[in-house]
Amino acid sequence: MTVVQRKGVTETEELISLRCVNTIYQRFATGPVMGRWFSGFRERRFLANRCPRCGRTQIPPREICAQCRVRVEEFVEVGPKGEICEIDVYYYASPDPLTGKVRETPYATIYILLDGATAQETFAHRLRREDIDEARKGDRVRPVWAEETQGRFKDLLYFELDR
Amino acid sequence: MAGKRVAICAVAQHRNVSDLWYKRIQGMLLDCLEEIQAQTGVTFDEDTGINTIVSCSDDVFDARTISDAGVGDALGAQYKCEEKMAQEGLNSLGYAMSVILSGHDDLVLVLGHCKESQPESRNICTHLGFDPFYGRPVGLDYLNVSALQARAYMERAQVTEEHLARVVVRSRHWAGKNPYANAREMVEVGQVMASPRLCDPIRTLHAYPVSDGAVAMLLSSEARAGEFTDRPVWIAGFANCMDSYFLGDRDLTSNFSLKNAARWAYEEAGIKDPTEEIHLVELMDAYAYQQPMWMEGLGFCRDGAGARFLDEDGPDRFHVNRSGGMLAGNPLMIAGLYRAAEAVMQLRGEAGERQVPGARKALAHSTTGPAGQFHSVLILET
Amino acid sequence: MKRQKKNRHVGIIGVGQTAFSSHKEHQNQPEMVHEAVRAALEDASLGIEKIDCVVHGNMELFEMQFQPDLWHSLGTGARGKQQYRITTGGTTGATLVCAADNLVASGRYDTVMAIGMEKLQEGHTTGGITNMACPLWHRNLQTGALGSNTAATAMIEEFGADRARRASMHYRIMMDKHAMLNPKAHRRLGLEYEQAEHLMGTSPVLVGELRLIHNCSQSDGACAIIFASEEKARSMSDRPVWVRDHISVHREEAYNIFGKVRPESTMRYAARRIFERNGIKKPLEYFDIFEMYDPSSWWGLDWLREFLLLEGDEHFRLLEAGEFDLDGKLPLNPSGGVIASNPIGATAATRVAEAALQVRGDAGEHQVKKEVKHALASGFGGTRWTVLIMLEKDLDW
């Protein structure tokens, strides 16, 4: 509703608004590099790739090293365990853009330096809900995989403290 | 404008395919980047290399907010300037030209990509180009709006189904000689005329096939072109122009924005009569009717004379779309970049079987928006 | 890259902003754009026919409008003109300024109007930003642009929790005080420094140390800026504000930068490069105001050290001594900054517009009292990208 002055007379005018949900289904290609990463997931392994020029590991593996601008073809295994470098505990109930459902709070994203990865690159993933209160920077974590893995991102459920 | 021209030093095209399911966008871009590096030896050195990148992509087609952010590594944008052209890719070249002439940088890498196969329908993407209150509820998208324009144009220019069929046959003829083209199978007039209706009067074979692709180019100042190529292609002129938004506010057959863009580009390039001075034309024909229609707008034949233009072998005489054109399949957001890529190869004498002998001046054209609301014209010369 | 000579100088001769708010139901997108365009043209005393070219930008996945510049042409007046559309996420507004500067400096266009806009209420902001993340994996994890917690924890580690939290809240309240003097600002809460303790304890937590109170707005609005060549600027305006230089620094996706070795921020990298090539050793001394794109008070605080090339706790001490207030050594965000108003596609342009107004002495109630000859404006967005723009009152560098 909005108030409008017309010829000295104040009127309340109802504004029309349109609600609309736009849905466009997408089919995203993984390409060979990410594809290999997901294959690693099927085997419950973390595959990074390593730049031939600067030697840094990249996880997820990427076609190119952004710094050196060369194609990266060598795969290396890292992890499965690692060290928490940063923790973000979320209390904001944001919607999951892939499902539309609101995420349950609190939830935590941890940035993990997986064993064998070079020092500049962490891997981001969720921390087990029950570990949120206890976890600190420097703690060791280990991955928790789905019962049955299919070579998809969701094969990796979360990380938990490696007690 | 001696000493102040902008050169295209190298071009890399990814082959257009209907469904590049086996490669990510980053993979396409890296292929093109490697090709540019191999051709020119250019680096990303802070003093002598690439420091400015003009990318081209569309967030709706990529289904990715800030579509350049996701491919920043493949664009070579690490700790560099990168600006995303969010219109059709030919405008990247026009903008990059200004970047160089401004003195802000003397080297620009242009990298555009688009995967029409990724969304379930490119028509849903273009449907979102219409305003939510009127255009969308009516159900408009770029296909059916083009159909409206096609009907109006065919009537005005006496262009028949047979004319259109011959445009498509010719497109396939040249696409067959273009290793980068998508639709390369030969077709016959009868086949085109009998192909199922897509959106009256546009038939499936009148329409460009869904395509995925990427194009990269290296542009430099005149002073530095020699470092990267011994066959620079100069940008002699560039202009674009916008028409009204609502279809009812436009005369769909007027070519209003194309005529302006062409006129300004010709002026900048010192071209008095394109029919005499331009040796080849690469235009963005998403649908067959657009070939004669845009040729009218570009001044290669009189308004309304499309049928005669086609009858008198206009496309052959003016060497139109030796690449096969957009009809042979380029994704919407970079079809103009592919046109420029072909034009550059022609002017460098690298077009193989498609070569227009002695080509020295070329025109590349693109359009953005429904039924040519916005057009861009690029003039190249050696 | 060896510095080239700029082909010709470029001046800002008009700026126009809509008021920023989350209630613009009375305008559709082209109408809102038109309001800013009209304001800029009026400010410049120009008719639309004098504009050679329009540069448009926003983040279209918020409004879900494909190629919105085509529809917005109803409001930009681009019909019959040349037009470009350049978008770079949150830095869009600043990129539009860079692009307009390049286009005019090139000699090919004499007057260019840049227009940035966003109508966030017509979409879902956090959802829109989350769509930045790679759909194959990170989209499952990302939560909008809530990334400043790591900066907060780093400052807490370096300066102690108490001092860091106080400084961040002081920053926040200072921004609100500035916003209270800016009639265009979206959120003007009327905060007082005495409320700091209370807010630190009660404002809802978004993530980690980042509370709702620290975080930027989600606003609707548009900003138009008119650029002209030196010759035209001098003839059309008695107070053109000159664009001296600009730098954009992008980088790859930033979900991975939290290891034992951290990359240099694009903020510091941009500042180092642009100040070095302009012979500025101490930006804190050189600039008279700084309109910084500060998405949260934590990031804003942290980036002061990055942009001004400070060390240790210099930025904290300056803040605590009031040197970023309107009457301080380097007034920061006299407009209230991004925490007060954030119409994303326009936000970075607004930084430049506000900086230009300060140089002209035209900013009204939030005008800095001392003469403003050298202004700095920044843009932020994408995967932690930075744009820095330098404005000058006089053409004397």
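Everything discussed here concerns the structure shown above.
Residues numbered from 1 in each chain as written. Chains lettered and ligands numbered in written order. Predicted model: local features only at pLDDT ≥ 70, side-chain atom pairs only at ≥ 80, totals over all residues.

*Asks:* Please explain unusual backbone geometry as it appears in this structure.
*Replies:* Note: most peptide bonds trans; most residues except glycine with negative phi. Here the bond from Ile59 of chain A into Pro60 of chain A is cis, since omega is 0°, no more than 30 degrees from zero. With respect to the secondary-structure elements, Pro60 of chain A resides in the loop between strand S4 (57-58) and strand S5 (64-65). Phi at Asp313 of chain B is positive, roughly 60°, even though this residue is not glycine. Inspection of the secondary structure puts Asp313 of chain B in the loop between helix H13 (306-311) and helix H14 (314-317). Even without being glycine, Asn321 of chain B reaches a positive phi, approximately 50°. Within the secondary structure, Asn321 of chain B is located in the loop between H14 and helix H15 (335-347). A tally of 28 C-beta atoms within 10 Å means that Asn321 of chain B is categorised as buried. (Helix = DSSP H or I, 4+ residues; strand = E, 2+ residues; numbered from the N terminus. Buried ≥ 20, exposed ≤ 12 C-beta atoms within 10 Å, placed from the backbone.)

*Asks:* Sorry, what's going on with the interface of chain A and chain C here?
*Replies:* How big an interface is tends to be expressed through the accessible area that disappears when the partners come together. Taken residue by residue, the interface counts 32 residues in chain A and 30 residues in chain C. Listing elements by their share of the side of chain A that touches chain C, those giving two or more residues are strand S8 (82-90), strand S9 (107-114) and strand S10 (123-126) of chain A. Per-element accounting of the side of chain A that touches chain C gives the leading share, 5 residues, to S8 of chain A. Residues belonging to the side of chain A that touches chain C are distributed by class as follows: 18 nonpolar, 10 polar and 4 charged. (Contact = placed C-beta atoms within 7 Å. Nonpolar A, V, L, I, M, F, W, Y, C, P; charged D, E, K, R; others polar.)

*Asks:* I tried to follow the packing of helix H6 (residues 149-159) of chain C against helix H7 (residues 161-179) of chain C on my own but got confused; where do I start?
*Replies:* How two helices pack is summed up by the angle between their axes together with the distance between the axes. All names here are of chain C. Running from N to C, H6 and H7 point in directions that differ by 130°, and their axes come no closer than 7 Å. Comparing their axes, H7 and H6 come out oblique. In this structure, H6 meets H7 at a crossing whose hand is right-handed. Contacts from Ala152, Met155, Ile156 and Phe159 of H6 reach H7 at Ala161, Arg163, Ala164 and Ser168. Residue composition of the contact of H6 with H7, grouped by class: 6 nonpolar, 1 polar and 1 charged. (Axes fitted to C-alpha atoms, helices over the stretch in contact; angles between N-to-C directions. Parallel < 35°, antiparallel > 145°, perpendicular 65-115°, else oblique. Left-handed = near helix turned anticlockwise from the far one by under 90°.)

*Asks:* Is there a simple way to think about the interface of chain B and chain C in this case?
*Replies:* At the junction of the two partners, chain B supplies 52 residues and chain C supplies 53 residues. Looking at the side of chain B that touches chain C, the elements with two or more residues in it are helix H2 (59-62), strand S3 (81-85), helix H3 (90-101), helix H4 (122-127) and strand S8 (233-242) of chain B. A breakdown of the residues in the side of chain B that touches chain C according to their chemical character gives 19 nonpolar, 19 polar and 14 charged.

*Asks:* Would you mind going over the sheet that holds strand S1 (residues 6-13) of chain B with me for this structure?
*Replies:* Note on sheets: strands pair through backbone hydrogen bonds, and any given pair is parallel or antiparallel. Residue and element names in this part refer to chain B. Reading across from one edge, S3-S2-S4-S7-S1-S8-S11-S10-S9 is the order of the 9 strands in this open sheet, with mixed pairing throughout. A strand with exactly one partner marks an edge of an open sheet, and here the two such strands are S3 and strand S9 (280-282). With direction set aside, neighbouring strand axes in the sheet form an average angle of 25°. Relative to strand S7 (residues 212-221), strand S4 (residues 107-115) runs antiparallel, the two being bridged by 9 bridges. Residue Leu107 lies in a different strand from S7, and its bridge partner there is Ser220. Running at roughly 35° to S7, helix H1 (residues 25-40) makes contact with S1, S4 and S7 of the sheet. (Pairing = 2+ DSSP bridges.)

*Asks:* Before we go on, may I ask you to explain the environment of Gln39 of chain B in this structure?
*Replies:* Residues and elements named next belong to chain B. Structurally, Gln39 is set in helix H1. What makes Gln39 partly exposed here is the crowd of 16 C-beta atoms within 10 Å. As for Gln39 and Ala12, which are separated by 27 residues in sequence, their C-alpha atoms are 9.0 Å apart.

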